[in-house]
Structure formats: structure tokens, C-alpha cells
Amino acid sequence: MGNNELRGTGKLEAINLTKKYEDGVLALNNVSFRVEPGEIFAMLGGNGAGKTTAINLFLNFIEPTEGEARIAGFISHKKPLQAKKHVAYVSENVMLYPNFTALQNLDYFARLGTEKKFTRDDYRKVLLRVGLQESAHNKRLKDFSKGMRQKCGIAIAILKDAPCILLDEPTSGLDPQAGFEFLQLLNTLREEGKAILMSTHDIFRAKEIANTIAIMDRGNLVMQRSRQELADANLEELYMQYMAA
Ligand SMILES: Nc1ncnc2c1ncn2[C@@H]1O[C@H](COP(=O)(O)OP(=O)(O)OP(=O)(O)O)[C@@H](O)[C@H]1O
Ligand SMILES: [Mg+2]
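Computed from a predicted model, the values in this text were never measured in an experiment. (Residues numbered from 1 in each chain as written. Chains lettered and ligands numbered in written order. Predicted model: local features only at pLDDT ≥ 70, side-chain atom pairs only at ≥ 80, totals over all residues. Heavy atoms only, no water.)

### Some words on the packing of aromatic side chains
Now for step 1: Per the stated rule, a full pass over the model turns up nine aromatic pairs.
Now for step 2: Ring geometry for Phe33 and Phe41: centres 4.6 Å apart, planes at 20°, overall stacked. For the pair Phe33 and Phe41, a shared accessibility class is recorded, and that class is buried.
Now for step 3: Between Phe100 and Tyr108, the aromatic rings sit 6.1 Å apart at their centres with planes inclined by 75°, giving edge-to-face as the arrangement.
Now for step 4: Using a relative accessible area of 35% as the deciding quantity, one classes Tyr108 as partly exposed.
Now for step 5: An aromatic cluster is defined as three or more aromatic residues linked by ring pairs; in this entry it consists of Tyr97, Phe100, Tyr108 and Phe109. (Phe/Tyr/Trp six-rings, centres within 6.5 Å; stacked < 30°, edge-to-face > 60°. Buried < 20%, exposed > 50% of the residue type's maximum accessible area, 1.4 Å probe, protein only.)

### As for the pattern of salt bridges
Now for step 1: In the structure shown here, the tally under the stated rule is ten salt bridges.
Now for step 2: Note that Glu181 is salt-bridged to Lys151, the shortest N-O span being 3.5 Å. Placement of the pair is Glu181 in helix H7 (residues 176-191) and Lys151 in helix H6 (residues 146-160), with a sequence separation of 30 residues.
Now for step 3: Judged by its relative accessible area of 33%, Glu181 is partly exposed. (Salt bridge = Lys/Arg side-chain N within 4 Å of Asp/Glu carboxyl O. Helix = DSSP H or I, 4+ residues; strand = E, 2+ residues; numbered from the N terminus.)

### Remarks on the sheet that holds strand E7 (residues 164-168)
Now for step 1: A sheet is described by the order of its strands in space; here six strands give the open sequence E6-E7-E8-E3-E9-E10, paired in mixed fashion. Only two strands of the sheet have a single partner each, and these edge strands are strand E6 (87-90) and strand E10 (220-226). On average, each strand axis in the sheet is tilted by 15° relative to the strand beside it, whichever way the strands run.
Now for step 2: For E7 and strand E8 (residues 195-199), the ladder comprises five bridges, and the chain directions are parallel. Bridging from a neighbouring strand, Ile165 pairs with Ile196 of E8.
Now for step 3: Along the sheet, H7 makes contact with strand E3 (39-45), E7 and E8, crossing E8 at roughly 150°. (Pairing = 2+ DSSP bridges. Axes fitted to C-alpha atoms, helices over the stretch in contact; angles between N-to-C directions. Contact = heavy atoms within 4.5 Å.)

### Here's the deal with the site of ligand 1
Now for step 1: Taken together, 14 residues surround ligand 1, and among them Asn47, Gly48, Lys51, Thr52 and Thr53 come closest.
Now for step 2: In this structure, an oxygen atom belonging to ligand 1 sits 2.8 Å away from a side-chain N or O atom of Asn47.
Now for step 3: Here an oxygen atom of ligand 1 sits 3.1 Å away from a polar atom, N or O, in the main chain of Ala49.
Now for step 4: Here ligand 1 loses 63% of its free accessible area of 630 Å² to cover by the protein chains.
Now for step 5: The element best represented in the shell around ligand 1 is helix H2 (residues 51-58), accounting for three residues.
Now for step 6: Its residues placed into classes, the shell around ligand 1 shows four nonpolar, seven polar and three charged. (Near = heavy atom within 4 Å. Polar contact = N/O pair within 3.5 Å; in protein donor to acceptor, adjacent residues only side chain to side chain. Areas by Shrake-Rupley, 256 points an atom, 1.4 Å probe, with all protein chains shown as cover. Nonpolar A, V, L, I, M, F, W, Y, C, P; charged D, E, K, R; others polar.)

### Some thoughts on the side chain of Asn56
Now for step 1: Within the secondary structure, Asn56 sits in helix H2.
Now for step 2: For Asn56, the contacting residues outside a window of four places in its chain are Phe61 and Ile62.

### Description of the nonpolar core
Now for step 1: Ranked by size, the top nonpolar core spans 50 residues in total, and within it Leu132, Ile154, Leu167 and Leu186 carry the most contacts.
Now for step 2: Looking at this core, the element that brings in the most residues is H6, giving eight residues.
Now for step 3: Non-local contacts of Leu132, meaning those with residues more than four positions away in its chain, are made with Ala102, Leu127, His137, Phe144, Met148, Lys151 and Cys152.
Now for step 4: In this structure, Met43, Leu57, Ile71 and Leu197 belong to the second largest nonpolar core, which totals 28 residues. (Core = buried A, V, L, I, M, F, W, Y, C linked by side-chain atoms within 4.5 Å.)

Right, dumping it as C-alpha cells:
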């Protein structure tokens, strides 16, 4: 495959991805999957299943023991700069500056993440798009609720306009309405053609939103099914069966 062909596609691929931590814990065992543009791929799995490890490998926060994570064709640990250019990341606890206002955080992190130039109106529009009312734009983040901080995180990700988006438990700790709104937003990003990989403990929401659901168990990808395949399935029951196996 030529380089041009690789660069054209904003997909995410885990190829035989394996991570053994220094203390010998096999956190990820030969895991392969693919997230195409316009798809949401949700990883479910118990605490310690390897979901965050998988996401951190894509982000090159850690290096794989074997295999590779590819972002838009770029192998994360071999072409980290190119890979990072093509991905936006939202963590459970969005790390923004508490003493900066929403607008200041956007300005700081958007400039850090891309070379694009933004106007104050761009920031205003994206904050409104993610559902942060105008009266909050000039408030400091330390006075924000978790849901409001999360909205700022996704606003920064939207400004970066990367073809791939990684989210580690993005809706954990959000109230039902904030969680719902957040997933609506992910829906619109999918419609724009983003490839979205997320981890979550919310089985019901995952089933509602994802094109593909994976269940991880102790480092192994034990189930991967499409939305169609799961249409008539009771995902919660299925999940419990895999956990008991
Ligand atoms: N930096 C690290 N060093 C050593 N072991 C680690 C490290 N990070 C994670 N682990 C181990 O790797 C395994 C997978 O952890 P990981 O954080 O990927 O799970 P997870 O699926 O994200 O869990 P949770 O649902 O609790 O977030 C666990 O056994 C964990 O203890
Ligand atoms: Mg985790």
C-alpha cells in the first residue's frame, strides 16, 4: 500500500496489539479491530480489562509489546507526530486549566493542537454547538460541573477537526441528560465521517449509539458484534455470560 493511500483514510486499526507492562501484567493480548470513518466503536469490559491501555497505545502514551495501533494509516509508535495530527482525544477527566475561562481554555488548547487559526466567533460557535450556554463562556473552569468540563473537552476536539476521535469513558459521572446530550454530539460527529473509538461501562448507551460493540475481558477481545447482529440481543445478558466464562 502506498503512503498516499494510507493518508487518505481516517480509520483506526489495532493490529495484534499486545501490551505487557513492566511488572509482567498482560493488559492487552493480541487484540485486533478496525474503526472505519463514520463509525462508532464501543469497548465494554470490566475494570482492568485493557480498554484504557488500548486507547493509550493509540495515543502513544505507552508502547506496544507486540503489534501496532494505526491512526489514519500511521503507526502510533513509529510515526507519532503524524498519528497525533489525525486524532483528537477526550479523557474521562478532561485536563484543562481551572483558572482559565472556557474561551481561554479553547484558545490555548486549540492552538496547541493544530496550526489552524481561530476567531473568537469560532470558539463561541463551537461552545454553543456542544451545549455550553453563552453565560458560561467567560467563567473559569474550576466553577464548572463535570458535564460542562466535558463539553469543553469535546469542543477542543471538534476544533481540531481530526478524522479520528478517542474517548475514554466520556460519559462516566455525567447526569443522564448530560450523558444523552454528549452522545447526540458524538452522533453528529459520526455523521461528519469521524472514526470514533470509545470505552464505556454504559451497556445501554453503547448499544444505542455504537456501530460495533466489543467486549474485553482480562486483555482479550472476547466478543465483537455489529449493531445489526445485536439488534435482537440482550446485550446486558450477553455481557454477563462473557464475564462468567
Ligand atoms: N501503568 C501500568 N503499569 C502496570 N500495570 C498497569 C498499568 N496500567 C494499567 N495496568 C494494568 O493493566 C490492566 C488493564 O488496565 P486498564 O487500565 O487498561 O483497564 P480498563 O479496561 O481501562 O479498566 P477500567 O474499566 O477500570 O478503566 C490492569 O490489570 C491494570 O492493573
Ligand atoms: Mg480505563
